[in-house]
Amino acid sequence: MTRNVGGIDRAARIVAGAALILLALTGAIGAWGWIGVLLLATGLLSVCPAYLPFGFSTRKVK
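Residues numbered from 1 in each chain as written. Predicted model: local features only at pLDDT ≥ 70, side-chain atom pairs only at ≥ 80, totals over all residues. Heavy atoms only, no water.

1. What to know about the packing of helix H1 (residues 7-26) against helix H2 (residues 36-45)
For the record, the criterion: The convention used is that axes are lines fitted to C-alpha atoms, helices contributing only their stretch in contact, and that angles between N-to-C directions extend from 0 to 180 degrees. Elements are defined by DSSP. Helices are runs of H or I of four residues or more, strands are runs of E of two residues or more, and each kind is numbered from the N terminus. Each angle is binned into one of four classes, with values under 35 degrees roughly parallel, values over 145 roughly antiparallel, values of 65 to 115 roughly perpendicular, and all other values oblique. Whether a crossing is left-handed or right-handed is set by the direction in which the near helix is turned from the far one by less than a right angle, anticlockwise for left-handed and clockwise for right-handed. Pairs of residues are marked as contacts when any of their non-hydrogen atoms sit within 4.5 Å.
Where H1 meets H2, the closest approach of the two axes is 7 Å, and the angle between their N-to-C directions is 150°. As the angle between them shows, H1 and H2 are arranged roughly antiparallel. For the pair H1 and H2, the crossing hand works out as left-handed. Seen from H1, the contacting residues are Arg-10, Arg-13, Ile-14, Ala-16, Gly-17, Leu-20 and Ile-21; seen from H2, they are Gly-36, Val-37, Leu-39, Leu-40, Thr-42, Gly-43 and Leu-44.

In C-alpha cells form, the structure reads like this:
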C-alpha cells in the first residue's frame, strides 16, 4: 500500500491513539476508546485506508 500519512498527521494519530487506548484501559471512557487501536495502527504504518478512495495524502512529495 502507498503511504499517505505525513509527519504531523502521523504524530497526532499516534498520540491520540495511545491516549484513547490508555483511557479505555483505565476505564475513564467507554469501550469506544478502543478506536484508538485504529489510530495507532494508521499512524505507525503511515497508511490511512479512508484516504485511499479520495486520493488524499498528507505526506510530502519529494
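Alright, that's what it looks like, and here's the rest.
2. What about a nonpolar patch on the surface?
Worth spelling out the cut-off: What makes a patch is a set of residues exposed beyond 30% relative accessible area and free of salt bridges, joined within 9 Å when like-charged and within 5 Å when nonpolar (Val, Leu, Ile, Met, Phe, Trp, Tyr). Surface accessibility in these figures is a Shrake-Rupley result with a 1.4 Å probe; residues are shielded only by whichever protein chains are displayed. Each salt bridge in this description consists of a side-chain nitrogen of Lys or Arg and a carboxyl oxygen of Asp or Glu lying within 4 Å of one another. Each residue is assigned to one of three classes by its accessible area relative to the maximum for its type, calculated with a 1.4 Å probe on protein chains only: buried under 20%, partly exposed between the two thresholds, exposed over 50%.
Taken together, the side chains of Leu-25, Trp-34 and Val-37 present a nonpolar region at the surface, about 310 Å² in accessible area. Examined against the element boundaries, Leu-25 turns out to sit in helix H1. Residue Leu-25 is classed as exposed on the basis of its relative accessible area of 59%.

3. Here's the deal with H1
Residues spaced three or four apart along an α-helix face the same direction, because each turn holds 3.6 residues. Heads up, the condition is: Take the number of residues in a helix, subtract one, and multiply by 1.5 Å to get its expected span. To be clear, the arc concerns the directions from the helix axis to the C-beta atoms.
Its 20 residues give H1 an end-to-end C-alpha distance of 29 Å, which sits within 8% of 28 Å, the value for a rise of 1.5 Å per residue. Taken together, the buried positions of H1 are Asp-9, Arg-13, Gly-17, Leu-20, Ile-21 and Ala-24. For H1, the arc enclosing every buried residue in end-on projection is 100°, short of the 170-degree limit, so these residues lie on one face. Counted as exposed and oriented over 90 degrees from the buried face of H1: Gly-7, Ile-8, Val-15, Leu-22 and Thr-26. Buried positions along H1 lie against H2. Two residues or fewer after H1 comes Gly-27, characterised by a positive phi angle close to 85°.

4. Some words on the environment of Leu-20
Relative to the elements of secondary structure, Leu-20 occurs in helix H1. Given the relative accessible area of 15%, Leu-20 is considered buried. The sequence separation of Leu-20 and Met-1 amounts to 19 residues, and the corresponding C-alpha distance is 26 Å.

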